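Analysis of the macromolecular model
Here is how the chains run, residue by residue.
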Amino acid sequence: MKIGVLALQGAVAEHIRSIGLAGAEGVAVKRTEQLDEIDGLIIPGGESTTIGKLMRKYDFIDAIRKFSEEKKPIFGTCAGLIVLAKEIAGQEEAHLGLMDITVNRNAFGRQRESFEADLDIAGIEEPVRAVFIRAPLIQKVGSDVDVLAEYNGEIVTAREEHLLASSFHPELTDDYRLHQYFADMVREYKGLGSK
Ligand code: GLN
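Residues numbered from 1 in each chain as written. Predicted model: local features only at pLDDT ≥ 70, side-chain atom pairs only at ≥ 80, totals over all residues. Heavy atoms only, no water.

By volume, the largest pocket amounts to about 190 Å³. Gly 46, Glu 47, Ser 48, Cys 78, Ala 79, Ile 82, Arg 105, Asn 106, Ile 133, Arg 134 and His 169 are the residues that line the largest pocket. For the lining of the largest pocket, a count of residues per class yields 4 nonpolar, 4 polar and 3 charged. (1 Å grid on protein atoms, 1.4 Å probe; cavity = no way out; pocket = protein on both sides within 12 Å on 5 of 7 lines; lining within 4 Å. Points joined across faces, edges and corners; volume = space filled by probe spheres on them. Nonpolar A, V, L, I, M, F, W, Y, C, P; charged D, E, K, R; others polar.)

Next up on the list: empty space enclosed by the protein. The full count for this structure, using the stated rule, is 1 cavity of 30 Å³ or more. The volume enclosed by the largest cavity comes to roughly 30 Å³. Within the lining of the largest cavity, the residues separate by chemical class into 3 nonpolar, 1 polar and 2 charged.

On to the side chain of Gln 34. Locating Gln 34 in the fold gives a position in the loop between β2 (25-29) and β3 (40-43). Gln 34 sits in the buried class, given a relative accessible area of 11%. Of note is the side chain of Gln 34, whose polar atom sits 3.1 Å from the backbone oxygen of Ala 28. Residue contacts for Gln 34: discarding those within four places in its chain leaves Ala 28 and Val 29. (Helix = DSSP H or I, 4+ residues; strand = E, 2+ residues; numbered from the N terminus. Buried < 20%, exposed > 50% of the residue type's maximum accessible area, 1.4 Å probe, protein only. Polar contact = N/O pair within 3.5 Å; in protein donor to acceptor, adjacent residues only side chain to side chain. Contact = heavy atoms within 4.5 Å.)

Using the residue numbers shown here, the UniProt feature "active site" (unreviewed entry) corresponds to Cys 78, His 169 and Glu 171. Annotated residues spanning 94 residues; largest pairwise C-alpha distance 10.9 Å, indicating a single compact cluster. In the annotated group above, the largest pocket draws its lining from Cys 78 and His 169. Relative accessible area serves as the criterion here: at 4%, Cys 78 is assigned to the buried category. Setting aside chain neighbours within four positions, we find Cys 78 in contact with Gly 45, Ile 133, Arg 134, Ala 135, Pro 136, Ser 166, Ser 167, Phe 168 and His 169. Within the secondary structure, Glu 171 is located in the loop between β12 (163-166) and α5 (177-189). On the accessibility criterion, Glu 171 (1% relative accessible area) is buried. If we ignore the near neighbours within four places in the chain, the residues touching Glu 171 are Ala 11, Glu 14, His 15, Arg 17, Ser 18, Thr 77 and His 179. Polar contacts involving the side chain of Glu 171 include one to the side chain of His 169, which spans 2.7 Å. (UniProt positions renumbered as here; feature names shortened; annotations may be inferred.)

If you want it as structure tokens, here you go:
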């Protein structure tokens, strides 16, 4: 089972490492043709405006929408979550516009640009150490979206069918359980059944 990491900008190597720890093969995706070779895709953190621009430049917008139509799982972390969202507060245009969520970029403000917290995530037994870096939060979710985690009453992890999104960076710690959760989703949608 191969899981791609969109490698236009951002924390790519760290995700590939975590995918490996979760027992799947991680591949850096730089060209749209590579989407045919993978079973799931991670869109990493970085800067969403830059990632969005590069996605347009290298024709990833339609290619990833097609990937999603085939119900292949996609996991957006931090800026990747912003890129997945149908609505970005205060911004006219979304990027992929796939997931029925409204996000607020840089929601935690300058005071708390970066911080760590232990999060209870639905479907994962013990709390997960979460690293937030200029993190977005999810302001609103559609009726088909499941909220998996909140921090101080704000939504920071959610899932809509084959789409998963987290405000924080799960690839920056040794805790690979959210990658494992995603790998299980990929396995499930691939028809191999969850382990
Ligand atoms: N705040 C960034 C953005 O708006 C995301 C930060 C991150 O990915 N660590 O794109």
